[in-house]
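# Close look at the chain arrangement
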Amino acid sequence: MVLYIGVDVGGTKVLAGEVTRAGTVVRTARRSTPGRRVSVASVEDALTEAVLDVAAGRRIAGVGLAAAGFVDAAGERVMFAPHLPWAGERVRERLSRRWGAPVALDNDANCAAVAETAFGAARGSSSALMITLGTGIGGAIVMAGQLVRGAQGMAGEFGHMQVVPDGRNCECGMSGCWEQYCSGNALVRFARAHLDPGPSILTDLCDARPEQLTGPMVTAAAEQGDPVAGQAFAAIGEWLGVGLGGLTSAFDPELVVVGGGVSAAGDRLLEPARAALARTVVGAGHRTPPQVVGARLGPEAGLIGAALLSRSARWAGSARSARTARSVRGVQTIGAGDYRSGVIKPRRRRPDRGARGSS
Ligand SMILES: Nc1ncnc2c1ncn2[C@@H]1O[C@H](COP(=O)(O)OP(=O)(O)OP(=O)(O)O)[C@@H](O)[C@H]1O
């Protein structure tokens, strides 16, 4: 079988996976992200280990990278990444040379949006927002069935909208960013700050050591009725909904898909978010709020979208086709038609050209 690998490169973890034409993840390999203050080489070493693990000695036909950073419009460079050391790096070309395989690069939330549109919760939706709640907040905009990339390819960085003037310092260098109040890191920070000094489910889970507390522990404790864990999700969910209220006022999507690690909490996170959105969207009471749903592909959405991207980029094997393929519509075309019939071939139809030409 021809091997395509998608890699989600986040601030907390690197998750690589072999993905079939139908979007099924066959095997994965995970590494911890070494961190933002380490060298570029150590992050790329972790990526390489994960990719080689998945490949297990087989020839790689293509790798798609879903990077938690600001990717340039050409899909060549990560210009800036609040949680990774890349800054203006020509990541695509360098890793392609290192792995001896074609590499395609896009922002992680864009990749997740493409995967959810092709195979998941946003299938059939023409206007949707993708929010990934992980280390920070990633975002992607799908309008009229196409990714909206903006003038420089960096649209959708909702996590860095300032929601609290002079608020908490953010890794991006500014302060008061939305992701400081609504993300996996924010969830953990809340739970640590409110951890009961006496016995509690959460205290037990982290052996009474707040520094050991993790997001999955907060979800597990909330499921068992721990009050602090419940409050943490109420607070994060409220912030999520307030932010989504603003985004709904701006974009009027029919659907919001919430992915990333924290979305594993499901309705515990989404219920307070839906309520806050309905309350804070402009014209509340005179409009129908968008549906807010969890990512159907879960935490693998980003790597699935990245693998789709690498398959699309292989169509004609040229940089230009790699660029034109970076559109939702291109992938929808494959997902809906050619994928199921098992035939992948270059589609030189206008929609693909138009998709890139607009950004
Ligand atoms: N099941 C879970 N419940 C609650 N929080 C979680 C869960 N899984 C991960 N998290 C939290 O989400 C954050 C990591 O997010 P994720 O697993 O999506 O990693 P990532 O892809 O590296 O993140 P990003 O793409 O935002 O850089 C951490 O703060 C972690 O504690």
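Small disclaimer: the values here were computed from a predicted structure and weren't measured.

What follows concerns the overall build of the protein. Looking only at helices and strands, the protein has 12 helices and 12 strands in total. By residue count, 56% of the 359 residues in the protein fall in the buried class. Residue pairs at least 24 apart in sequence account for 64% of intrachain contacts in the protein once pairs closer than 6 positions are excluded.

Within the fold, Asn107 resides in strand β7 (residues 103–107). Among the polar contacts made by the side chain of Asn107, one reaches the main-chain amide nitrogen of Ala109 at a distance of 2.9 Å. A polar contact is formed between the side chain of Asn107 and the backbone nitrogen of Asn110, at a distance of 3.1 Å. In this view, Asn107 contacts Ala66, Ala67, Gly69, Val71, Gly139 and Glu157; residues no more than four positions away in its chain are not counted.

Time to look at the sheet that holds strand β3 (residues 25–32). Read across the open sheet, the 5 strands follow the order β3-β2-β1-β4-β7; overall the sheet is mixed. The sheet is open, and its two borders are formed by β3 and β7, each paired with just one other strand. Taking the axes of each pair of neighbouring strands and ignoring which way they run, one obtains an average angle of 20 degrees across the sheet. In the sheet, strand β4 (residues 60–67) pairs with β7 via 5 bridges, with the strands oriented parallel. Bridge pairing links Ala66 to Asp106 in β7. In this fold helix α1 (residues 40–55) packs onto β1 (3–9), β2 (13–19), β3 and β4, with an angle of close to 155 degrees to the strand it touches most, β3. Sitting on the sheet, helix α9 (residues 301–313) is in contact with β1, β2, β3, β4 and β7, with an inclination near 135 degrees to β1.

Annotation of the protein at the domain level lists domain 1 (4–113 + 299–321) and domain 2 (124–295). When each unit is reduced to the centre of its C-alpha atoms, the spacing between domain 1 and domain 2 is 24 Å. Across the contact, 18 residues belong to domain 1 and 18 residues belong to domain 2. Interface area, domain 1 with domain 2, both sides summed: about 1500 Å², of which 59% is carbon and sulfur. A per-residue breakdown of the area domain 1 buries against domain 2 is headed by Phe70, His83 and Asn110, which together make up 33% of the total. At the surface where domain 1 touches domain 2, the tally comes to 1 salt bridge. Ionic pairing is found between Arg149 and Asp106, a salt bridge with its closest N-O pair at 2.9 Å. Our count for the contact surface shared by domain 1 and domain 2 stands at 5 residue pairs in polar contact (both at pLDDT 80 or more). Residue contributions to the side of domain 1 that touches domain 2 peak at 4 residues, all from helix α3 (residues 108–119). A breakdown of the residues in the side of domain 1 that touches domain 2 according to their chemical character gives 9 nonpolar, 6 polar and 3 charged.

Thresholds, definitions, all that
Residues numbered from 1 in each chain as written. Predicted model: local features only at pLDDT ≥ 70, side-chain atom pairs only at ≥ 80, totals over all residues. Heavy atoms only, no water. Helix = DSSP H or I, 4+ residues; strand = E, 2+ residues; numbered from the N terminus. Buried < 20%, exposed > 50% of the residue type's maximum accessible area, 1.4 Å probe, protein only. Contact = heavy atoms within 4.5 Å. Polar contact = N/O pair within 3.5 Å; in protein donor to acceptor, adjacent residues only side chain to side chain. Pairing = 2+ DSSP bridges. Axes fitted to C-alpha atoms, helices over the stretch in contact; angles between N-to-C directions. Domains from an automatic or database assignment. Buried area = accessible area lost by both parts, 1.4 Å probe. Salt bridge = Lys/Arg side-chain N within 4 Å of Asp/Glu carboxyl O. Nonpolar A, V, L, I, M, F, W, Y, C, P; charged D, E, K, R; others polar.

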